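Understanding the architecture of this molecule
As a plain string of letters, each chain reads:
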Amino acid sequence: MSLRIVVCVKYVPDATGDRHFAEDLTTDRESVDGLLSELDEYAVEQALQIADEADSEDGAEITVLTVGPEDAKDALRKALSMGADKAVHVEDDDLHGTDALGTSHVLAKAIEKTGYDLVVCGMASTDGTMGVLPAMLAERLGVPQATLLSEVSVENGTVTGRRDGDAATEQLSAQLPAVVSVTDQSGEARYPSFKGIMAAKKKPVESLDLDDLDIDADEVGLDGAWTKVEDAAERPPRSAGTVVKDEGDGGKQLAEYLAGQKFI
Amino acid sequence: MAEVLVYVDHVDGAVRKPTLELLTLARKLGDPVAVHLGPNAEEAAKTLGEYGATRVLAADAAEFADYLVVPKVDALQAAYDAVSPAAVLVPSSAEGKEIAARLAVRIGSGIITDAVDLDASDEGPVATQSVFAAAFTTKSRVSKGTPVITVKPNSTSPETASAAGALEELSVGFGEAATGTKVTSRTPRESTGRPELTEAAIVVSGGRGVNGADNFPLIEGLADALGAAVGASRAAVDAGWYPHSHQVGQTGKTVSPQLYVATGISGAIQHRAGMQTSKTIVAINKDSEAPIFDLVDYGIVGDLFEVVPQLTEEVKTRKG
Ligand SMILES: Cc1cc2nc3c(=O)[nH]c(=O)nc-3n(C[C@H](O)[C@H](O)[C@H](O)COP(=O)(O)OP(=O)(O)OC[C@H]3O[C@@H](n4cnc5c(N)ncnc54)[C@H](O)[C@@H]3O)c2cc1C
Ligand SMILES: Cc1cc2nc3c(=O)[nH]c(=O)nc-3n(C[C@H](O)[C@H](O)[C@H](O)COP(=O)(O)OP(=O)(O)OC[C@H]3O[C@@H](n4cnc5c(N)ncnc54)[C@H](O)[C@@H]3O)c2cc1C
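Residues numbered from 1 in each chain as written. Chains lettered and ligands numbered in written order. Predicted model: local features only at pLDDT ≥ 70, side-chain atom pairs only at ≥ 80, totals over all residues. Heavy atoms only, no water.

As annotated in an unreviewed UniProt entry, chain B is Electron transfer flavoprotein subunit alpha/FixB family protein from Streptomyces diacarni. Quoted verbatim from the Subunit (unreviewed entry) heading of the UniProt record, the comment on chain B is "Heterodimer of an alpha and a beta subunit." The record held by UniProt for chain B lists under Sequence similarities (unreviewed entry) the comment "Belongs to the ETF alpha-subunit/FixB family." (UniProt positions renumbered as here; feature names shortened; annotations may be inferred.)

The name recorded for chain A in an unreviewed UniProt entry is Electron transfer flavoprotein subunit beta, from Streptomyces diacarni. Quoted straight from UniProt, the Function (unreviewed entry) entry for chain A says "The electron transfer flavoprotein serves as a specific electron acceptor for other dehydrogenases. It transfers the electrons to the main respiratory chain via ETF-ubiquinone oxidoreductase (ETF dehydrogenase)." Listed in UniProt under the heading Sequence similarities (unreviewed entry), the comment for chain A reads: "Belongs to the ETF beta-subunit/FixA family."

1. Details of the site of ligand 2
What surrounds ligand 2 is a group of 27 residues, the closest being R208, S233, S266, Q270 and N285 of chain B. Nearby residues around ligand 2 are contributed by chains A and B. In this structure, an oxygen atom belonging to ligand 2 sits 2.9 Å away from a main-chain N or O atom of T251 of chain B. For ligand 2, whose unbound accessible area comes to 990 Å², protein coverage reaches 83%. Broken down by secondary-structure element, the contributors of at least two residues to the shell around ligand 2 are α1 (38-53) of chain A together with α7 (234-238), α8 (269-272) and α9 (304-319) of chain B. (Near = heavy atom within 4 Å. Polar contact = N/O pair within 3.5 Å; in protein donor to acceptor, adjacent residues only side chain to side chain. Areas by Shrake-Rupley, 256 points an atom, 1.4 Å probe, with all protein chains shown as cover. Helix = DSSP H or I, 4+ residues; strand = E, 2+ residues; numbered from the N terminus.)

2. Points about the environment of P177 of chain A
Residue and element names in this part refer to chain A. Looking at the secondary structure, you find P177 in the loop between β9 (168-175) and β10 (178-182). A residue is classified by how much of its surface remains accessible, and P177, at 34% relative accessible area, is partly exposed. For the pair formed by P177 and D117, sequence separation is 60 residues and the distance between their alpha carbons is 4.4 Å. Apart from residues lying up to four places away in sequence, P177 is in contact with Y116, D117, V143 and P144. (Buried < 20%, exposed > 50% of the residue type's maximum accessible area, 1.4 Å probe, protein only. Contact = heavy atoms within 4.5 Å.)

3. Considerations on the environment of V132 of chain A
Residue and element names in this part refer to chain A. Secondary-structure assignment places V132 in the loop between β6 (118-122) and α4 (133-141). Relative accessible area serves as the criterion here: at 1%, V132 is assigned to the buried category. Measuring from C-alpha to C-alpha, the distance between V132 and A100 comes to 7.8 Å, with 32 residues separating the pair along the chain.

4. Topic: the site of ligand 1
Lining the immediate environment of ligand 1, one finds 31 residues, of which C8, K10, D40, S125 and G131 of chain A sit closest. One chain alone does not account for the residues near ligand 1; they come from chains A and B. Within the backbone of A100 of chain A, an N or O atom sits 3.0 Å from an oxygen atom of ligand 1. A distance of 3.3 Å is found between an oxygen atom of ligand 1 and a backbone nitrogen or oxygen belonging to T129 of chain A. When ligand 1 is considered free in solution it has 920 Å² of accessible area, and contact with the protein chains removes 93% of it. Of the residues that constitute the shell around ligand 1, the class distribution is 15 nonpolar, 12 polar and four charged. (Nonpolar A, V, L, I, M, F, W, Y, C, P; charged D, E, K, R; others polar.)

5. A word on the packing of aromatic side chains
Residue and element names in this part refer to chain B. Inspection of every chain in the model, using the stated rule, returns six aromatic pairs over all chains. Taking the centre distance of 6.2 Å and the plane angle of 90 degrees together, the rings of F132 and F136 count as edge-to-face. Residue F132 is classed as buried on the basis of its relative accessible area of 7%. When its relative accessible area of 5% is taken as the criterion, F136 is described as buried. (Phe/Tyr/Trp six-rings, centres within 6.5 Å; stacked < 30°, edge-to-face > 60°.)

6. Quick notes on the interface of chain B and chain A
Every contact between the two is made by 82 residues of chain B and, on the other side, 77 residues of chain A. Across the chain B/chain A interface, buried area totals approximately 7000 Å², and carbon plus sulfur atoms make up 55% of it. Applying the counting rule to chain B against chain A returns eight salt bridges. Salt-bridge contacts for E98 of chain B lead to R163 of chain A; the nearest nitrogen and oxygen are separated by 3.1 Å. If you look at where chain B meets chain A, you find 47 residue pairs in polar contact (both at pLDDT 80 or more). (Buried area = accessible area lost by both parts, 1.4 Å probe. Salt bridge = Lys/Arg side-chain N within 4 Å of Asp/Glu carboxyl O.)

7. Some points on helix α2 (residues 41-50) of chain B
Residue and element names in this part refer to chain B. Along α2, the residues that are buried comprise A41, A44, A45, L48 and G49. Buried residues along α2 cover an arc of 135 degrees about the axis, so they all sit on one side. In the segment just after α2, G52 is the residue with positive phi, at about 110 degrees. (Arc of directions from axis to C-beta.)

8. A look at the confidence of the model for chain B
One rule of thumb: low pLDDT means the predicted coordinates there are not for detailed reading. Averaged over chain B, the pLDDT score is 97; the fraction of residues at 70 or greater is 100%. The ipTM assigned to the predicted complex is 0.96, against a pTM of 0.96. (pLDDT = per-residue confidence, 0-100.)

9. What about helix α6 (residues 216-226) of chain B?
All names here are of chain B. Burial in α6 covers these residues: F216, I219, E220, L222, A223, A225 and L226. Among the structural elements, β13 (202-206), β14 (229-232), α7, β15 (259-263) and α9 are those in contact with the buried residues of α6. Downstream of α6 by one or two residues, G227 has phi in the positive range, about 70 degrees.

10. Side note on the packing of α4 of chain A against helix α5 (residues 94-107) of chain B
How two helices sit against one another is set out by the angle between their axes and by the gap between those axes. The N-to-C vectors of α4 of chain A and α5 of chain B enclose an angle of 40 degrees; their axes lie 8 Å apart at closest approach. In terms of orientation, α4 of chain A lies oblique with respect to α5 of chain B. When the axes of α4 of chain A and α5 of chain B are compared, the crossing they make is right-handed. Contacts between α4 of chain A and α5 of chain B involve A135, M136, A138, E139 and R140 of chain A from the former and E98, A101, R102, V105 and R106 of chain B from the latter. When grouped by side-chain class, the residues that make up the contact of α4 of chain A with α5 of chain B number five nonpolar, no polar and five charged. (Axes fitted to C-alpha atoms, helices over the stretch in contact; angles between N-to-C directions. Parallel < 35°, antiparallel > 145°, perpendicular 65-115°, else oblique. Left-handed = near helix turned anticlockwise from the far one by under 90°.)

11. Some remarks on the nonpolar core
If you look at the biggest cluster of nonpolar residues, it comprises 79 residues, and the most contacted ones within it are I5, V7 and V120 of chain A together with L5, L76 and I111 of chain B. Per-element tally for this core: the top contributor is α1 of chain A, with eight residues. Listed in part, the 33 residues of the second largest apolar core include F263 of chain A together with A225, Y242 and L259 of chain B. (Core = buried A, V, L, I, M, F, W, Y, C linked by side-chain atoms within 4.5 Å.)

12. Details of a nonpolar patch on the surface
A cluster of nonpolar side chains, F194, I197 and M198 of chain A, forms an exposed patch at the surface whose accessible area comes to about 310 Å². In this fold, I197 of chain A is placed in helix α5 (residues 194-200). (Patch = residues over 30% accessible without salt bridge, like charges linked within 9 Å, V, L, I, M, F, W, Y side chains within 5 Å.)

The structure is reproduced here in structure tokens:
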């Protein structure tokens, strides 16, 4: 049987745009353009490389999966145009405001329904930036987690990789099925080719709602959430500082400032 | 008084600073009970007691080092079951967040990551988060289950508060998942002799403007004169000029020092995400239009190859 890879990708507001909160204190997804989280491009890339190296007779099939609003289809299309085979979009109005615990529940159900040998995630989303979903998915699916890998390979039903931790570099090894996440050190993601973009238009995108996944509406969404945002305030802009042009004594002037602030 | 579990981050029993900060914050919520996994619990317990831990639950087993994350989750859950705490606090390291995440799923509790402050309220702890590259400050609460909260380094200054720090053995049974991911080798990061990047009071960072690995000693020289840690932008890291473990920003480390010195760094949003909450920000950049100048308390428009050596010399002279 071919290697079934599911890549989890998130549709996020562009980080270079003016990101805000909506009135219900959820992320405002209207006023800023959305896109495939850049850090999930690395996940798609590694999945494509693993698929390329998979036993040629059996091959591999890559499904990209997202939980998100209608526009999240854009993220799926991008991943498909990079070379993934098919897509699953979990979309339901009741999902609005779902937190990490809820999202991991929905993703785990969708992954099980799709069928998998390997789940590939990014290291963190570029909006929530929690970096917790992959660990949660491994916990819920009851399979090993090999996360934050900067190098990854799959051979004979085993995934191995390098994890650059806070205090040490570790080599990891786990049996499939497993959940991995990859960092932005894992290798530049490819650009979709024109051919890839055209081909993506014909690739299947399956839509699932909460009913399809046997999830009750009250387990997810803003009301079902395990966490509550009570207040969101724009950080006051930093008060304008002093900027001086170096006329030959810039280093000394800076030292004077630092001494005045008691750093020296 | 309610008890609050604090997961201890340590290196062979030497408790790291973020844990002391956590104990300090935990005292706002209840009596801190520390969970120490791995060797040298006795040594750690002394420090933990000094910073307010009433009890230190300790367990040591080969599994903690031989397998990834899950054995530690099993142990933290054992502590949770034994204590029934009002909250569980974990340092916001990459591993800490994963441990916290799995515990939250297991005990059916909400999780908040990367808190920069905690306060008590009638409805449980309120966490302050700095989000969207520090452009917004949010206040959040866990509304279901026992709050599991990870806290960023440098969120508060550690304060001593003598408590018993009574060492107790924690008995841990490892589940089937514990041995799922084997750590087949581990190479500890070589010590640079400089302060830890995330814990340092001063950070001096270099970017693309440093223009080569050969020039980084210039940045290191300034850092050493100031007693600072060295950071780097992703551009400098990607170019291979400085190790990734020093990258500051969204996909590197978040730092929140008293003083951040950015040299040859433009100030892209992803870099700002990692340093914007620094108390004082100083930049040296030859482009007066560089966005980093929007953040600075003091900036020099100039060539870093002129300004940095002069600054380093002046710092050395003033320090005598
Ligand atoms: C500023 C901000 C702060 C937040 N703080 C909290 C909080 O403290 N607690 C909380 O419970 N929730 C929080 N949330 C909500 C949380 O971000 C979302 O529920 C999200 O689904 C999970 O977290 P993440 O985006 O940080 O994912 P991460 O854990 O950072 O994502 C890691 C990987 O998981 C995969 N993934 C994540 N989301 C999806 C998705 N929707 N579809 C497919 N794959 C996905 C991707 O591969 C991604 O690279 C916050 C949201 C925002 C915008
Ligand atoms: C998903 C994602 C995650 C990212 N994560 C990170 C991250 O964690 N950290 C990070 O830093 N970036 C990150 N980036 C990259 C970020 O967008 C920028 O590309 C990067 O920060 C630029 O680094 P820089 O400022 O060193 O280089 P540049 O933007 O090229 O700036 C170099 C600066 O040096 C100045 N300069 C040049 N020569 C001199 C001289 N002789 N004297 C003085 N000044 C000089 C120039 O005027 C310029 O302002 C990320 C990007 C993405 C998409």
